[in-house]
Amino acid sequence: MALRRVGGWRPFFWLAAAYNCVIGLGAFLAAEWGSAEAVNGVLIFGFGIIYALVAREPRRFAPALIAGIFGKAMVVAM
């Protein structure tokens, strides 16, 4: 999975990283410890970390996007 033109994707993935980190942390902090909502918050935050890695070095970390694609596809499927 190669990102041919990297320049335009960096802001997109930085925005995705910020969004997931804010939403994930908020969901985690609002949930009861150990609940399904807390676990979801941690997972969303984890996707934010993946997106930040991709934003920082798109060519190197592009294969990690498979995790994000899989996660989004499963949410849609459910």
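See the structure printed just above.
Definitions and cut-offs
Each residue is numbered by its place in its chain's sequence as written, counting from 1. Residues qualify for local features only when their pLDDT is at least 70, as the model is predicted, and side-chain atom pairs are given and counted only at 80 or more; totals for whole chains, interfaces and linings, by contrast, use all residues. To obtain the side-chain values, all non-hydrogen atoms of the structure were included, while hydrogens and water were left out. Numbering goes from the N terminus for both helices and strands, where a helix is a DSSP run of H or I of at least four residues and a strand is a run of E of at least two. Burial status follows relative accessibility: with a 1.4 Å probe on protein chains alone, a residue under 20% of its type maximum counts as buried, one over 50% as exposed, and anything between as partly exposed. In this analysis, two residues are considered to be in contact whenever any of their non-hydrogen atoms come within 4.5 Å of each other. Computed with the Shrake-Rupley method and a 1.4 Å probe, the accessible areas treat only the protein chains shown as cover for residues. Helix axes use the C-alpha atoms of the stretch in contact, all axes being lines fitted to C-alpha atoms, and the angles between their N-to-C directions lie in the range 0 to 180 degrees. Working rule for angles: under 35 degrees goes down as roughly parallel, over 145 as roughly antiparallel, 65 to 115 as roughly perpendicular, anything else as oblique. Here is the rule for handedness: rotate from the far helix to the near one, and if that takes an anticlockwise turn smaller than a right angle the crossing is left-handed, while a clockwise turn gives right-handed. Note that Gly is not counted as nonpolar here; it falls among the polar residues with everything else outside the nonpolar set of Ala, Val, Leu, Ile, Met, Phe, Trp, Tyr, Cys and Pro and the charged set of Asp, Glu, Lys and Arg. What counts as a salt bridge is simple: a side-chain nitrogen of Lys or Arg found within 4 Å of a carboxyl oxygen of Asp or Glu. Put simply, a nonpolar core is a bunch of buried Ala, Val, Leu, Ile, Met, Phe, Trp, Tyr and Cys residues held in one set by side-chain atoms that sit within 4.5 Å of each other.

Draft legend 1. Geometry of the overall build of the chain. Per the secondary structure count, the chain includes four helices and zero strands. In sequence order, the secondary structure elements of the chain are arranged as α-α-α-α. Expressed as lengths along the three principal axes of its C-alpha atoms, the size of the chain is roughly 40 × 25 × 15 Å. The buried share among the 78 residues of the chain stands at 27%. Within the chain, residue pairs in contact and separated by at least 24 positions form 59% of the contacts whose partners lie at least 6 positions apart. Accessible area for the chain stands at about 5600 Å²; split by element, carbon and sulfur atoms hold 72% of it.

Draft legend 2. Quick look at the packing of helix H2 (residues 36-56) against helix H4 (residues 65-77). Running from N to C, H2 and H4 cross one another at 140°; their axes reach a closest spacing of 9 Å. With respect to H4, the axis of H2 lies oblique. You can see that H2 and H4 cross each other, and the crossing is left-handed. Every residue of H4 that contacts H2 at Phe47, Ile50, Tyr51 and Val54 is listed here: Leu65, Ala67, Gly68, Gly71 and Lys72. By residue class, the composition of the contact of H2 with H4 is six nonpolar, two polar and one charged.

Draft legend 3. Here's a closer look at the pattern of salt bridges. The final tally for this structure, using the stated rule, is two salt bridges. With a shortest N-O distance of 3.9 Å, Glu57 and Arg56 are connected by a salt bridge. Using a relative accessible area of 27% as the deciding quantity, one classes Glu57 as partly exposed. Between Arg60 and Glu57 there is a salt bridge, with its nearest N and O atoms 3.6 Å apart. A single network of salt bridges, built from pairs that share partners, joins Arg56, Glu57 and Arg60.

Draft legend 4. Region of the structure containing the nonpolar core. With eight residues, the main nonpolar core is built from Phe13, Ala16, Ala17, Tyr51, Val54, Ala55, Phe61 and Leu65. For this core, the elements supplying multiple residues, two or more each, are helix H1 (9-30) and H2.

Draft legend 5. Looking closely at the packing of H1 against H2. Where H1 contacts H2, the axes come no closer than 7 Å and their chain directions differ by 160°. Accordingly, the angle class assigned to the pair H1 and H2 is roughly antiparallel. In the packing of H1 onto H2, the handedness of the crossing is left-handed. Here the contact of H1 with H2 is built from residues that sort into 19 nonpolar, four polar and three charged.

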